[in-house]
Every structure is written in structure tokens, then in C-alpha cells.
Amino acid sequence: MNTAPSADSLIPVTVLTGFLGAGKTTLLRRILTEFHGQRIAVIENEFGEENIDNDLIIQDSEEQVVELSNGCVCCTVRGDLIRTLNDLADRRAEGKVRFDRVIIETTGMANPGPVCQTFFMDDDVAAAYRLDAVVTVVDAKHGMATLDRQEEAQRQVGFADRILISKKDLVNEADYQALRARLVRINPRAAIMPAHFGETDLKTLLDVSGFDLDAILDIDPAFLAEDAAGHDHAPHGHDHHDHDHDDEDGHHDCGPACGHGHHDHHHAHHDDEIGAFVFRSNRAFDPERLEDFLSGIVQVYGPDLLRYKGILYIKGINRRMLFQGVHMMFGAEPGRPWPASEKPNTRMVFIGRKLPQDIFTQGLEQCLA
């Protein structure tokens, strides 16, 4: 879309998700009371008892849009999210409501995927809003049990750009580190920070550019270190003895789905449905083959792909290609030229549900020029 408005003119949107009782509402209340100088529209996808305190709401909550006592606006999504977003944008354009950003608070059981896709699927929404980030709040005390019981909670972690761990003071350091390690295995590209609600720097939550293709592809170093350690374990049923870290060929790091035993040290290994793996190569991709392969893979695995993102080294292009996707939809655009100090290389991370890492890896290797 060449007619896309500049990112600066778009209204930034944060999707706030998290485990039931983890403290999303506490965080939201704090943002609304402390983020001075900005007016925030809050979209709740369900008004329940645990949602924003009624004392913040000064009008009858039967209305679609209510004014909060701090001057922000709040609306419930009783109908369709797209309709609500477009209605808010229209009211803003007409001067009926004023706000600088939007926070969508999802219920404790909601999958953030469809909410995120809204910003790529609907042209009117895309013309007014910029999805900034998914922020997921995890409860330190009950987080392990919630992840064990609910795949939905794993999805919320897999989608996140930022993960806040609440109630850290209620657990010991070993339990906190075990939970953190598990979160990294599910999602190695989200920054994880304890949320002492009085101290979390709100700026680190509200201008993340997590869906900006130019945002750096950060992967938690602990994840890569764990992966590198795993290469001498039993393979996944395909022969990858030639994937050496100094290899010129495409090689991959094992993720939690790989069946290697190397994640078991210090804590019991949890076989989460949602997990991540990284593909890296120093060889260039053939662009046509890569596009064909990725198009096929999202048709088959799209529903199970949560977030995937990468910096690609493409034959014949002397700059990085920046690539990302949510479920079935992905896109790529040119990034900065490769600097002289950096040998061109590909780094891709895939986060999803029971993804067959060997199929992805072998397929991507066959796309190398």
C-alpha cells in the first residue's frame, strides 16, 4: 500500500493481555492515572467485575463510549472490534472525543491473535491506527500452574513483545528463574521484566514498536546459549550432523520442540505446546523459492504460527530484508544496507504451536541460493 499514512500520524495501540488475576487491571489503572499529558482510549473486550474500577467511570457504563474520571475514554467491545475502532477514529476526527493512544485490554482467556490481525486486515483500521505492541502480564506465583493448564496462557506469552512478571515478591529466586526460563523458551524475542507496579517504567511498555519491521530482532541470549549447547544430543529424526556453527550452510538452533534433553538442567522440563526456534544462515536465499515456501507453510501452519520475524539475506539485494508475520499474514520490506562490518546473514525466529521444526528447517535450507 503506497498510500499508507506516515507512522507518526497513526494512533498507537497497545494490546494488554495476561493471565487471570495477574494484575492487568492494576497495571491499566496505573497507566491511566500516571501517564500524564496523554489521553488514552481504553477498549475493554468485556466489562466484568475485575475490569476498570467503577469509580474511574463517571458515566453510565451502558454507553458504548464512557468518559473516565481522568479525562480518558473507555469503551466496551460488545460488537465487533473493527467497528469499535473505526467508530472511535471517526469520533476523534470529528472532535467528539480526544485521545492520543489506545489500550485494548483483553480478557484473561482471550487469544491476542485475532485482535492483532485486525490491524492488518481492515483498511480503515490500518489507515488510522498503528499496532505498537502486545504486553502480557504473568503471575509469578501461579504462572507455572497456569501455563501447565492453559494453552491460551502459552499463546498470550508467545504473542508478547513485552512480558511483565507480577507478584515476584511472593516467590523465591529459584522459582522466579525457572518461570523466566520457561517464558524464554516459549518466546525468546520478548523482553521480560518484573512488574513492581509502583516502579515499572511505563515508557518501556507504551512505545515499543513491536510490530515495526525495523525494530531490531532481539532474541534472548540465554535461549541461544541453551540451544547451542544442545547440538550434540540426539537429532530429531533427520540427519543434521553437518550443521556446525561455523558452517556456511543454513543451520538452526533447537527449540523446545526438538526433543533434545538439554533444557532439563536445574528445573523440570515443561513440554509446552507453544515454543520457539531460530533459523540462521550465512548463505543468501533465492527470493522466488523463499516466497513459494513461506506461502505454502503459512497455508498449512498459519493457525499454529503465532509470531514470526526475521532479518533476511536475499540474493541480489544488498540490504537486509525485514520480515514478519502473524498467523497467515506476513510481509517483507527493505531495511538498512548491510554494513561493511557485518557479514550478511539470515536470522529468523518462529513462535507457534507444535511447529515441526525439521520441516521448516529443511524447507528453508532448500530455499538457499
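Because the structure is a prediction, the values reported are computed rather than measured. (Residues numbered from 1 in each chain as written. Predicted model: local features only at pLDDT ≥ 70, side-chain atom pairs only at ≥ 80, totals over all residues. Heavy atoms only, no water.)

Enquirer: Tell me what's going on with the packing of aromatic side chains, and back it up with residues and numbers.
Expert: Following the criterion strictly, the structure yields 11 aromatic pairs and no others. With a centroid separation of 6.2 Å and 15° between ring planes, the pair formed by Tyr308 and Phe350 is classed as stacked. Within this pair, whereas Tyr308 is found in strand β11 (residues 305-312), its partner Phe350 is found in strand β14 (residues 346-353), the two being separated by 42 residues in sequence. Phe350 shares its class with Tyr308; the two are buried. Taken together, the ring pairs in this structure connect Phe277, Tyr301, Tyr308, Phe323, Phe330, Phe350 and Phe360 into an aromatic cluster. Cation over ring: Lys168 sits above Tyr176, and NZ or CZ is 4.5 Å from the ring centre. (Phe/Tyr/Trp six-rings, centres within 6.5 Å; stacked < 30°, edge-to-face > 60°. Helix = DSSP H or I, 4+ residues; strand = E, 2+ residues; numbered from the N terminus. Buried < 20%, exposed > 50% of the residue type's maximum accessible area, 1.4 Å probe, protein only. Lys NZ or Arg CZ within 6 Å of the ring centre and 35° of its normal.)

Enquirer: An account of the pairing of strand β13 (residues 329-337) is needed here, citing residue identities and associated values.
Expert: Pairing analysis gives 7 bridges linking strand β12 (residues 319-326) to β13, with the strands arranged antiparallel. The partner of Gln324 across the bridge, within β13, is Gly331. If you look at the hairpin formed by β12 and β13, you'll find 2 residues sitting between the two strands, and His327 has a positive phi there, around 50°. (Pairing = 2+ DSSP bridges.)

Enquirer: A description of helix α2 (residues 81-93) should follow, citing residues and the corresponding values.
Expert: The first and last C-alpha atoms of α2 sit 18 Å apart over 13 residues, in line with the 18 Å expected at 1.5 Å per residue. Among all positions in α2, only Leu81, Thr84, Leu85, Asn86, Leu88 and Ala89 are buried. With its phi angle positive at about 80°, Gly95 sits one or two positions after the end of α2. (Expected span 1.5 Å × (residues − 1).)

Enquirer: Give a description of the pattern of salt bridges that names residues and reports values.
Expert: Two side chains bearing opposite charge may form a pair once their charged atoms approach each other closely. Scanning the entire structure with this criterion turns up 19 salt bridges. Glu173 is the salt-bridge partner of Lys168, the closest N and O atoms lying 3.7 Å from each other. Given a relative accessible area of 21%, Lys168 falls into the partly exposed group. Judged by its relative accessible area of 44%, Glu173 is partly exposed. Two residues, Glu342 and Arg320, come together in a salt bridge whose shortest N-O distance is 2.9 Å. With Glu342 in the loop between β13 and β14 and Arg320 in strand β12, this pair connects stretches of sequence that are 22 residues apart. Connected via shared salt-bridge partners are Glu151, Glu152, Arg155, Glu273, Asp304, Arg353 and Lys354. (Salt bridge = Lys/Arg side-chain N within 4 Å of Asp/Glu carboxyl O.)

Enquirer: Report on the packing of α2 against helix α3 (residues 112-121), specifying residues and quantitative values.
Expert: In helix packing, the relevant descriptors are the interaxial angle and the interaxial distance, both defined with respect to the helix axes. Two elements in contact, α2 and α3, have axes whose closest approach is 10 Å; the angle formed by their N-to-C orientations is 50°. When the axis of α2 is compared with that of α3, the two are oblique. α2 and α3 meet at a crossing whose hand is right-handed. Residues Leu81, Ile82 and Leu85 of α2 form the contact with α3, whose own contacting residues are Val115, Thr118 and Phe119. (Axes fitted to C-alpha atoms, helices over the stretch in contact; angles between N-to-C directions. Parallel < 35°, antiparallel > 145°, perpendicular 65-115°, else oblique. Left-handed = near helix turned anticlockwise from the far one by under 90°. Contact = heavy atoms within 4.5 Å.)

Enquirer: So what's going on with the confidence of the model for the protein chain? Which residues, and what values?
Expert: Of all residues in the protein chain, 73% have pLDDT values of 70 or greater, and the mean over the chain is 77. When mean pLDDT is taken per element in the protein chain, helix α11 (residues 357-366) scores highest with 95 and strand β9 (residues 251-253) scores lowest with 39. In the model, residues 47-63 has pLDDT below 50 throughout and makes 38 contacts with residues more than four positions away in sequence or in other chains. Here residues 231-267 scores under 50 on pLDDT; set against residues more than four positions off or in separate chains, the count is 90 contacts. (pLDDT = per-residue confidence, 0-100.)

Enquirer: So, the side chain of Asp122: which residues are in play, and what are the values?
Expert: Following the sequence through the fold, Asp122 ends up in the loop between α3 and α4 (123-128). Buried within the structure, Asp122 lacks any salt-bridge partner; Arg83 is the closest side chain of opposite charge, at an N-O distance of 11 Å. Within the structure, Asp122 has its side chain in polar contact with the backbone nitrogen of Val125 (distance 2.9 Å). For Asp122, the contacting residues outside a window of four places in its chain are Ile82 and Asn86. (Lys, Arg positive; Asp, Glu negative; His and termini not counted. Polar contact = N/O pair within 3.5 Å; in protein donor to acceptor, adjacent residues only side chain to side chain.)

Enquirer: An account of the nonpolar core is requested, with residue identities and associated values reported.
Expert: With 71 residues, the main nonpolar core has Val102, Phe119, Tyr129 and Leu183 as its most contacted residues. Top element by residues in this core is strand β6 (residues 129-139). It accounts for 6 residues. With sequence-adjacent residues up to four places away left out, Leu183 is seen in contact with Val138, Leu147, Val157, Ile163, Ile165 and Ile192. Among the nonpolar cores identified, the runner-up in size contains 22 residues, and Leu290, Val298, Tyr308 and Phe323 belong to it. (Core = buried A, V, L, I, M, F, W, Y, C linked by side-chain atoms within 4.5 Å.)

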